[in-house]
Amino acid sequence: QVQLVESGGGLVQAGGSLRLSCAASGRTFSRYDMGWFRQAPGKERECVAAISWSGGYTYYADSVKGRFTISRDNAKNTMYLQMNSLKPEDTAVYYCAARDWAQSIATTDNEYDNWGQGTQVTVSS
């Protein structure tokens, strides 16, 4: 098991930026594929970005392409989500997730078995 703790959420105006961090502890961070998910009130949880164990492969939801950047620093056991040009529709609780590395990136929540507690992101108009 790996323990995950998100940070960096908050309140920001539309057009602003935030950087989320996901700190991992426990097992070797570099053996995990990682993902960022979000869930808005009344909506299903969705994957906004994912990254392979090496950082060599990434995935972005269409709604965030060109605005969000996922990255990881395996030496620091940390994953990041840089969010630029934020929109009110980006408002949600953001979660980081991990699963043992595989040949393809996972983009659905049932493929991940380790989750953080979430951090709130609120974008005002």
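Residues numbered from 1 in each chain as written. Predicted model: local features only at pLDDT ≥ 70, side-chain atom pairs only at ≥ 80, totals over all residues. Heavy atoms only, no water.

K.L.:
What is the right way to read the overall build of the protein from this model?
P.N.:
A tally of helices and strands in the protein yields zero helices and eleven strands. For the protein, the succession of helices and strands along the chain, N to C, is β-β-β-β-β-β-β-β-β-β-β. Here the C-alpha radius of gyration of the protein, 13 Å, is about what a compact globule of 125 residues would show, namely 14 Å. Counting only C-alpha atoms, the protein reaches 40 × 25 × 25 Å along its principal axes. Counting every position in the protein, which comprises 125 residues, the buried fraction comes to 43%. Expressed as a percentage of contacts within the protein between residues at least 6 apart in sequence, the contacts between residues at least 24 apart total 60%. Of the roughly 6300 Å² of accessible surface on the protein, 45% is carried by carbon and sulfur atoms. Side chains of the protein give 12 positive and 12 negative charges; the mean places of these two sets differ by 5 Å. (Helix = DSSP H or I, 4+ residues; strand = E, 2+ residues; numbered from the N terminus. Rg over C-alpha atoms; globule rule 2.2 N^0.38 Å. Buried < 20%, exposed > 50% of the residue type's maximum accessible area, 1.4 Å probe, protein only. Contact = heavy atoms within 4.5 Å. Areas by Shrake-Rupley, 256 points an atom, 1.4 Å probe, with all protein chains shown as cover. Lys, Arg positive; Asp, Glu negative; His and termini not counted. Charge placed at Lys NZ, Arg CZ, Asp CG, Glu CD.)

K.L.:
When you look at the sheet that holds strand E8 (residues 78–83) in this model, what are you seeing that I'm missing?
P.N.:
Strands in a sheet are paired, the pairing made by backbone hydrogen bonds, and the direction either parallel or antiparallel. Read from one edge to the other, the open sheet built from four strands follows the order E1-E3-E8-E7, with strand pairing classed as antiparallel. Of all strands in the sheet, those with a lone pairing partner are strand E1 (2–7) and strand E7 (68–73), marking the two edges. For this sheet, the mean angle separating the axes of adjacent strands, direction not counted, is 15°. Note that E1 and strand E3 (residues 18–26) share six bridges and pair antiparallel. Residue pairing across strands places glutamate 6 opposite cysteine 22, the latter belonging to E3. (Pairing = 2+ DSSP bridges. Axes fitted to C-alpha atoms, helices over the stretch in contact; angles between N-to-C directions.)

K.L.:
How do you make sense of the nonpolar core when you look at a structure like this?
P.N.:
The tendency in soluble globular proteins is for nonpolar side chains to be buried side by side. Counting residues in each nonpolar core, the largest one holds 30 residues, and the members touching the most others are Met34, Trp36, Met79, Leu81, Met83 and Tyr94. When contributions to this core are tallied by element, the ones reaching two or more residues are E1, E3, strand E4 (32–39), strand E5 (46–51), E7, E8, strand E9 (92–100) and strand E11 (119–124). Those residues in contact with methionine 79 that sit more than four places away from it in its chain are Leu20, Ser21, Cys22, Phe29, Met34, Gly35, Trp36, Ile51, Ile70, Ser71, Arg72 and Cys96. With six residues, the next largest nonpolar core counts Cys47, Ala50, Ala106 and Tyr112 among its residues. (Core = buried A, V, L, I, M, F, W, Y, C linked by side-chain atoms within 4.5 Å.)

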